[in-house]
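Here's the letter readout for the chains.
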Amino acid sequence: MAGNPDEFSLDSPPGDGISSVEFAKASDLLLVSSWDATLRLYDARANVQRHVFPQKAAVLDCAFGESDACAWCGGLDASVAAVDLERGVPLPSLGAHTKPVRALEWAHAFGLLFSGSWDGTVGAWDPRNPTPHVASLPMPAKVFTMSMTDTRLVVGTAERHVLIYDVRKLSEPEQRRQSKLMHQTRCIRTFPTFNGYALTSIEGRVAIEYFEKSHESQAYAFKCHRVGNTVFPVNALAFHPTYGTFATGGSDGLVNRWDGGPKKRLGP
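Thresholds applied
- Residues numbered from 1 in each chain as written.
- Predicted model: local features only at pLDDT ≥ 70, side-chain atom pairs only at ≥ 80, totals over all residues.
- Heavy atoms only, no water.
- Phe/Tyr/Trp six-rings, centres within 6.5 Å; stacked < 30°, edge-to-face > 60°.
- Helix = DSSP H or I, 4+ residues; strand = E, 2+ residues; numbered from the N terminus.
- Buried < 20%, exposed > 50% of the residue type's maximum accessible area, 1.4 Å probe, protein only.
- Pairing = 2+ DSSP bridges.
- Axes fitted to C-alpha atoms, helices over the stretch in contact; angles between N-to-C directions.
- 1 Å grid on protein atoms, 1.4 Å probe; cavity = no way out; pocket = protein on both sides within 12 Å on 5 of 7 lines; lining within 4 Å.
- Points joined across faces, edges and corners; volume = space filled by probe spheres on them.
- Nonpolar A, V, L, I, M, F, W, Y, C, P; charged D, E, K, R; others polar.
- Contact = heavy atoms within 4.5 Å.
- Lys, Arg positive; Asp, Glu negative; His and termini not counted.
- Salt bridge = Lys/Arg side-chain N within 4 Å of Asp/Glu carboxyl O.
- Core = buried A, V, L, I, M, F, W, Y, C linked by side-chain atoms within 4.5 Å.

How should the packing of aromatic side chains be read in this particular structure?
Two descriptors summarise a pair of aromatic rings, namely the distance from one centre to the other and the angle between the planes of the rings. Counted according to the given criterion, the structure contains 8 aromatic pairs. Ring centres of Y197 and F211 lie 5.9 Å apart, and the angle between their planes is 45 degrees; on these two criteria the pair is classed as tilted. One end of the pair, Y197, is in strand 18 (residues 196–201); the other, F211, is in the loop between strand 19 (205–210) and strand 20 (220–223), and 14 residues separate them in sequence. In terms of burial, Y197 and F211 fall into one category: buried. Ring pairing ties together the aromatic residues F191, Y210, Y220, F222, F239, F246 and W258, which thus form one cluster.

Printed below as a string of structure tokens:
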């Protein structure tokens, strides 16, 4: 991209809209899921597409597993698919929901994969078990988004519900909330400090929330991704793992950067 030597477009992009991207924890590998029914693995630094994994239907989310050698994806075919990233081959799927899989989260501390579905459940899967499906958590509505801390799973559903689970005891949610934003939830991402989460919505707003009631006074919401009277959904949010700053991506085609502490926009 002109103007910034640190920005460039990856070669061999998907043939349709990108639904999710995720960098590996310990390398420059990048997973990309797409509506073109593929999961793709790139070496982002070398700008090389390493593997393409065709799926049966559009892929809505993806996640690295225990290491950079394995990954998971889910989408409109309702299955929770597994792939071997080193050999570039598919693995047996963990199982399936009854409706599309919208969100996936890997819990590193527990070796569990969580899948959120439009069937109104979150599945818990242990790939080490001969029978991987270990729990099904009922949700109040279809799942739109999920995010993990070290021990907490935060789930955002239709009708603005937010459920917070302690992964060490999945029998009941630790907290049940409703988004303070008045319209449909698009994305939830937990803080790198593990003490709260950011939530975005279709109304061009972001809410900053904390798990502990003692921090409620620090919660706030702000407007973004607006041009005049036109309001754009905020579809994606990502935190910097060290500095705690974050970026938002909207349907206006822009990515904005923010510093949540002083509540400042850092620029596009």
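Sorry, what's going on with the sheet that holds strand 25 (residues 255–259) here?
The strands making up a sheet associate through backbone hydrogen bonding, with each pair oriented either parallel or antiparallel. The 4 strands lie next to each other as 23-24-25-26, forming an open sheet whose pairing is antiparallel. Where the open sheet ends on each side, the last strands, each with one partner, are strand 23 (234–239) and strand 26 (264–267). Across the sheet, the mean angle separating the axes of adjacent strands is 30 degrees when strand polarity is ignored. Pairing geometry for strand 24 (residues 246–250) and strand 25, over 4 bridges, is antiparallel. Bridge assignment links F246 to a residue of strand 25, and that residue is W258.

Explain empty space enclosed by the protein to me, please; I cannot follow it from the model alone.
Space left empty within the atom packing is revealed by a probe, the size of a water molecule, rolled over the atoms. A full pass over the atoms with the stated rule returns 1 cavity of 30 Å³ or more. In terms of lining residues, the largest cavity is bounded by Q55, K56, A57, A58, V59, C73, G74, G75, D77, S79 and A81. Counting residues per element, the ones that place at least two in the lining of the largest cavity are strand 6 (70–75) and strand 7 (79–84). Of the residues forming the lining of the largest cavity, the biggest block, 3 residues, is contributed by strand 6. Counted by class, the lining of the largest cavity contains 5 nonpolar, 4 polar and 2 charged residues.

What exactly am I supposed to notice about the layout of surface pockets here?
Taken as a whole, the second largest pocket holds about 230 Å³ of empty space. Around the second largest pocket sit 16 residues that line it, and F191, T193, Y210, F239 and G244 are the ones nearest its centre. The residue makeup of the lining of the second largest pocket, split by class, is 9 nonpolar, 6 polar and 1 charged.

In this structure, what is going on with unusual backbone geometry? I would like to understand it.
In terms of backbone geometry, most residues other than glycine have negative phi values and most peptide bonds are trans. In the Ramachandran plot, A37 falls in the positive-phi region, its phi being about 65 degrees despite a non-glycine side chain. When you line up the elements, A37 lands in the loop between strand 2 (29–34) and strand 3 (38–43). Positioned with a positive phi, N47 is a non-glycine residue whose angle comes to about 55 degrees. On the secondary structure map, N47 appears in the loop between strand 3 and strand 4 (48–54).

So what exactly am I meant to see when it comes to the environment of E159 here?
Residue placement: E159 occurs in the loop between strand 14 (152–157) and strand 15 (161–166). A relative accessible area of 56% places E159 in the exposed class. Residues E159 and C70, 89 residues apart in the sequence, show an inter-C-alpha distance of 34 Å. Aside from chain neighbours lying at most four places away, what touches E159 is P140, A141 and Q178.

Explanation requested: the side chain of E105 in the structure shown.
Within the secondary structure layout, E105 lies in strand 9 (residues 101–107). At 4.6 Å, R189 is the nearest oppositely charged side chain to E105, a buried residue that forms no salt bridge. Apart from the residues within four sequence positions on either side, E105 is in contact with L112, L113, F114, M146, S147, M148 and L153.

Sorry, what's going on with the sheet that holds strand 4 here?
One open sheet holds the 4 strands; their spatial order is 1-2-3-4, and the pairing between them is antiparallel. The outermost strands of the open sheet, each flanked by one partner alone, are strand 1 (18–23) and strand 4. The mean angle between the axes of side-by-side strands here comes to 20 degrees, regardless of whether they run parallel or antiparallel. As judged from the 6 bridges shared by strand 2 and strand 3, these two strands associate in the antiparallel manner. Considered in strand 3, the bridge of S33 is made with L39.

Help me out: how do you make sense of the nonpolar core in this one?
Residues F114, V122, M139, M146 and L153 are the most contacted members of the largest nonpolar core, which totals 18 residues. Those elements that provide at least two residues to this core are strand 9, strand 10 (112–117), strand 11 (121–125), strand 12 (133–138), strand 13 (143–148), strand 14 and strand 15. It is strand 13 that provides the largest number of residues to this core, a total of 3 residues. Those residues in contact with V122 that sit more than four places away from it in its chain are H97, F114, S115, G116, A135, S136, L137, M139, V143, M146, L153 and V155.

Looking at this structure, how should I read the pattern of salt bridges?
As a working rule, side chains carrying opposite charge can pair if their charged atoms are close by. Under the defined criterion, the tally for this structure stands at 12 salt bridges. Two residues, R177 and E209, come together in a salt bridge whose shortest N-O distance is 4.0 Å. Of this pair, R177 sits in strand 16 (residues 175–178) while E209 is found in strand 19, placing the two residues 32 residues apart along the sequence. The buried category is assigned to E209, whose relative accessible area is 9%. Several salt bridges share partner residues, and in doing so they unite R152, E174 and E212 into one network.

Function cannot be read off these values alone, since they describe shape.
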